[in-house]
Amino acid sequence: MEFWLGLDEDQIELRDWVHGFAEGVIRPAAAEWDEREETPWPILQEAAKIGLYGFEFLANAWSDHSGLSLPLANEELFWGDGGIGMAISGTSLAVAAIYGSGTPDQLAEWVPQCFGDADDPKVGAFCTTEPEAGSDVGAMRTRAVYDEAKDEWTITGQKAYATNGGIANVHVVTASIDPTLGSRGQAAFVIPPGTPGLEGSRKLKKLGLRASHTADVFLDSVRVPGSCLLGGKEALDERLARVREGKRATSQAAMRTFELSRPAVGAQALGIARAAYEYALDYAKNRVQFGRAIIENQAIAFALADMRTEIDAARLLVWRAAWMGINNQQFTAAEGSMSKLKAGEVGVTVTEKAVQILGGAGYVRDHPVERMYRDAKIYTIFEGTSEIQRLVISRAISGVHIR
Ligand SMILES: Cc1cc2nc3c(=O)[nH]c(=O)nc-3n(C[C@H](O)[C@H](O)[C@H](O)COP(=O)(O)OP(=O)(O)OC[C@H]3O[C@@H](n4cnc5c(N)ncnc54)[C@H](O)[C@@H]3O)c2cc1C
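Predicted model only: the values in this text are computed from it and were never measured.

A.B. asks: How do you make sense of the domain arrangement of the protein chain when you look at a structure like this?
C.D. replies: Quite often, the size of an interface is put as the accessible area lost when its parts meet. When cut into domains, the protein chain gives domain 1 (9-115), domain 2 (124-245) and domain 3 (250-398). Computed from C-alpha atoms alone, the centre-to-centre distance between domain 1 and domain 3 is 20 Å. On the domain 3 side, the residues contacting the 20 residues of domain 1 number 22 residues. Mapped onto the side of domain 1 that touches domain 3, the elements with two or more residues apiece are helix 1 (9-36), helix 4 (69-80), helix 5 (82-89) and helix 6 (91-101). No other element matches helix 4, which puts 8 residues into the side of domain 1 that touches domain 3. For the side of domain 1 that touches domain 3, the class distribution of residues is 9 nonpolar, 8 polar and 3 charged.

A.B. asks: Sorry, what's going on with the site of the ligand here?
C.D. replies: The local shell around the ligand holds 20 residues, among which Gly134, Ser135, Thr163, Thr385 and Glu387 are the closest. Elements that contribute at least two residues to the shell around the ligand include exactly strand 1 (124-127), strand 3 (152-163) and helix 14 (386-398). No fewer than three residues from each of domain 2 (124-245) and domain 3 (250-398) sit in the shell around the ligand.

A.B. asks: Sorry, what's going on with the pairing of strand 2 (residues 143-147) here?
C.D. replies: Bridge analysis of strand 2 against strand 3 gives 5 bridges, and the strand direction is antiparallel. From the neighbouring strand, tyrosine 146 faces strand 3, where its bridge partner is tryptophan 153. Counting the residues in the hairpin turn of strand 2 and strand 3 gives 4 residues, including aspartate 151, whose phi is positive at 45°.

A.B. asks: For this particular structure, what's the right way to read helix 7 (residues 104-115)?
C.D. replies: Structural remark: α-helix, 3.6 residues per turn; residues separated by three or four positions point the same way. When the terminal C-alpha atoms of helix 7 are compared, their 17 Å separation across 12 residues agrees well with the 16 Å that a helix rising 1.5 Å per residue should span. Structurally, helix 7 contributes buried residues whose contacts are with helix 3 (55-62), helix 6, strand 1, strand 4 (170-176) and strand 5 (186-191). Among the residues trailing helix 7, glycine 116 stands out with phi positive, at a value near 65°.

A.B. asks: Looking at this structure, I do not really get the pairing of strand 7 (residues 214-225). What am I missing?
C.D. replies: In regular strands, side chains alternate between the two faces of the sheet. As paired strands, strand 3 and strand 7 are joined by 9 bridges and run antiparallel to one another. Bridge assignment links alanine 162 to a residue of strand 7, and that residue is alanine 215. Of the strand pairs in this sheet, strand 6 (residues 198-200) and strand 7 are connected by 3 bridges, and their pairing is antiparallel. Looking at the pairing, glycine 200 lines up with valine 217 of strand 7.

Calculation rules
- Residues numbered from 1 in each chain as written.
- Predicted model: local features only at pLDDT ≥ 70, side-chain atom pairs only at ≥ 80, totals over all residues.
- Domains from an automatic or database assignment.
- Contact = placed C-beta atoms within 7 Å.
- Helix = DSSP H or I, 4+ residues; strand = E, 2+ residues; numbered from the N terminus.
- Nonpolar A, V, L, I, M, F, W, Y, C, P; charged D, E, K, R; others polar.
- Near = placed C-beta within 6 Å.
- Pairing = 2+ DSSP bridges.
- Expected span 1.5 Å × (residues − 1).

Below is the structure:
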């Protein structure tokens, strides 16, 4: 329970281990996979071989009582490269959904299939966003209908922008069971490998994170056995009955899940920001104009001072929220959302400043900061936009239903 900012030996070892992989394997390949806009399977394989890609790694990180393992690992991974970092960590979205809602049997059956193994790595996808339901998750149109006689669900709908959508071995999709209940009438399903009716679109062309596969997913009368409903039918029926009685517990549980996952996402943005800051600092010390290094100008030095200050401030929010989550603290001011909001926006402003400090060199692909700038922008959009984070925080601090 003690809040302690010094890293212990295990945490330092973890950080340095991930950093070593990021520096030695990810960085040298980053520009190539960004240009290719393809999933970097050989790098996933390398990560699986050393135990950085797999459930054991995640389970260890999730069980660390300081909460810092995942933020530390994510910061280093994404310091290596945003796109490859997302290719490696995208599967954790599906795994987190199975872990959060599934039974122990479901966990044992599906999580290994999300990752595959080092000889044949696989990926998982978590598909919830839809063309008409982005920030407004309650507007979800994908429907799941139960056939009691066959103990089978039929799922029909369309998902948008799913990381690893269509190429995943295991897809976790959310669907509405009772649309009259909005987001509280929804459930999550595992779609096993090769299930007929599920298809991914072509890979979407993106501004950044281009090594990570993003696609729409179409579900045309996809039939799955009852065992694919995460948590099982009995738990679902009980939950829906509680919601119909007007009890709010379910929505609070969902909010807590978001608060728990957001610091890990914030740490990704932090890694990209730190990489851009370090590059710009180094560049500013070496670039000479008017007979002196550009860092000797306050305009440049102060920009770097601000960048570093903002990164450190964001990291403190990320670590606080991660610590609160693992220690079962109440997120009374939506501290998880705060951490993602701050880190996401710091990611964008710091990478933009790095481009500025490099001048023309910042704008061309001979240097990595333009890629970092493109990669960072997603952090004010996915996993809840900055506006949605502000909505959540303002509601939490005011008790008023801000719109
Ligand atoms: C690269 C990438 C990867 C992704 N990966 C996944 C994934 O793996 N799984 C998945 O399910 N989804 C994924 N997404 C989807 C992502 O989570 C959504 O794009 C995001 O939630 C925003 O939804 P939207 O795009 O529909 O925007 P909208 O909800 O249409 O928002 C548009 C704008 O309106 C603002 N806005 C909306 N409502 C309000 C409000 N009430 N108050 C103030 N402003 C508001 C938003 O902040 C935003 O600025 C991914 C997206 C991208 C681009």
